[in-house]
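Each chain, written out:
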Amino acid sequence: MSEALLKQRRQHPARDAALKSIQCVQNGDREGWLSLWRPDAFIEDPVGVSPMDPEGKGHRGSEEIAAFYDNFIATGDVRFHIRESFACGMECCNVGTITTRLADGGVGRCELVMVYKVDDEGKLLSMRAFWEVDEMMEDFF
């Protein structure tokens, strides 16, 4: 499902927040992206222990979320291709491919599932991304 098709899907608060998040990341809009999150939100991207999260505890609160953006999102040109989107309750699950191009010319690509959860005002409470780090790293090296 392309971004255009995702926009055409039935509106849902979590899907809307997920789409805004994707748009901000792809446009390099740090402040716009940070404004989507509640101060007590958390990100697990990827879920569990990884080079991005050696303790596997996630990135919690505004400061850690801002550092996540600066250290991992802003370091490259990140693009999403969402093939499927399922929304229910206050959550949305998107299935797709992420492609990251680094300044040094390296390109990484992997399949992923992202689960977004919002509060009653549509602010992001959490985002949990399921992807295999080794798959992405194989492309870079």
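Residues numbered from 1 in each chain as written. Predicted model: local features only at pLDDT ≥ 70, side-chain atom pairs only at ≥ 80, totals over all residues. Heavy atoms only, no water.

**A closer look at the overall build of the chain**
Scanning the chain for helices and strands turns up 5 helices and 6 strands. Ordered by position in the sequence, the α and β elements of the chain form the string α-α-α-β-β-α-β-β-β-β-α. Looking at the chain as a whole, 43% of its 141 residues qualify as buried. A separation threshold of at least 6 residues defines the contact pool for the chain, and within that pool the share at least 24 residues apart is 49%. (Helix = DSSP H or I, 4+ residues; strand = E, 2+ residues; numbered from the N terminus. Buried < 20%, exposed > 50% of the residue type's maximum accessible area, 1.4 Å probe, protein only. Contact = heavy atoms within 4.5 Å.)

**Regarding the sheet that holds strand β5 (residues 107-118)**
Taken in spatial order, the 6 strands line up as β2-β1-β6-β5-β4-β3 in an open sheet, and their pairing is mixed. If you trace the sheet from one side to the other, it starts and ends with β2 (59-60) and β3 (76-88), each paired once. (Pairing = 2+ DSSP bridges.)

**Some thoughts on the pattern of salt bridges**
In this structure the tally under the stated criterion is 8 salt bridges. For the salt bridge of Asp119 with Arg38, the shortest nitrogen-to-oxygen distance reads 3.3 Å. Pair noted here: Asp119 is in the loop between β5 and β6 (124-130) and Arg38 is in strand β1 (residues 37-44), with a separation of 81 residues, a long-range link. Given the relative accessible area of 9%, Asp119 is considered buried. (Salt bridge = Lys/Arg side-chain N within 4 Å of Asp/Glu carboxyl O.)

**Notes on the pairing of β3**
Both β3 and strand β4 (residues 91-102) contribute to a ladder of 12 bridges, which runs antiparallel. Bridging across to β4, Gly76 finds its partner in Leu102. Hairpin connection, β3 to β4: the antiparallel pair is bridged by 2 residues, and Gly89 has positive phi, about 60°.

**So, helix α2 (residues 13-27)**
Look at α2: 21 Å from first C-alpha to last across 15 residues, which is about the 21 Å you get at 1.5 Å a residue. Those residues of α2 lying buried are Ala14, Arg15, Ala17, Ala18, Leu19, Ser21, Ile22, Cys24, Val25 and Gln26. Immediately downstream of α2, the backbone of Gly28 shows phi near 65°, a positive value. (Expected span 1.5 Å × (residues − 1).)

**As for the nonpolar core**
Ranked by internal contacts, the top residues of the largest apolar core, which has 35 residues, are Trp33, Trp37, Phe80, Met114 and Trp131. Setting aside residues up to four positions removed in sequence, Trp37 forms contacts with Phe42, Ile43, Ile65, Lys123, Leu124, Ser126 and Met127. (Core = buried A, V, L, I, M, F, W, Y, C linked by side-chain atoms within 4.5 Å.)

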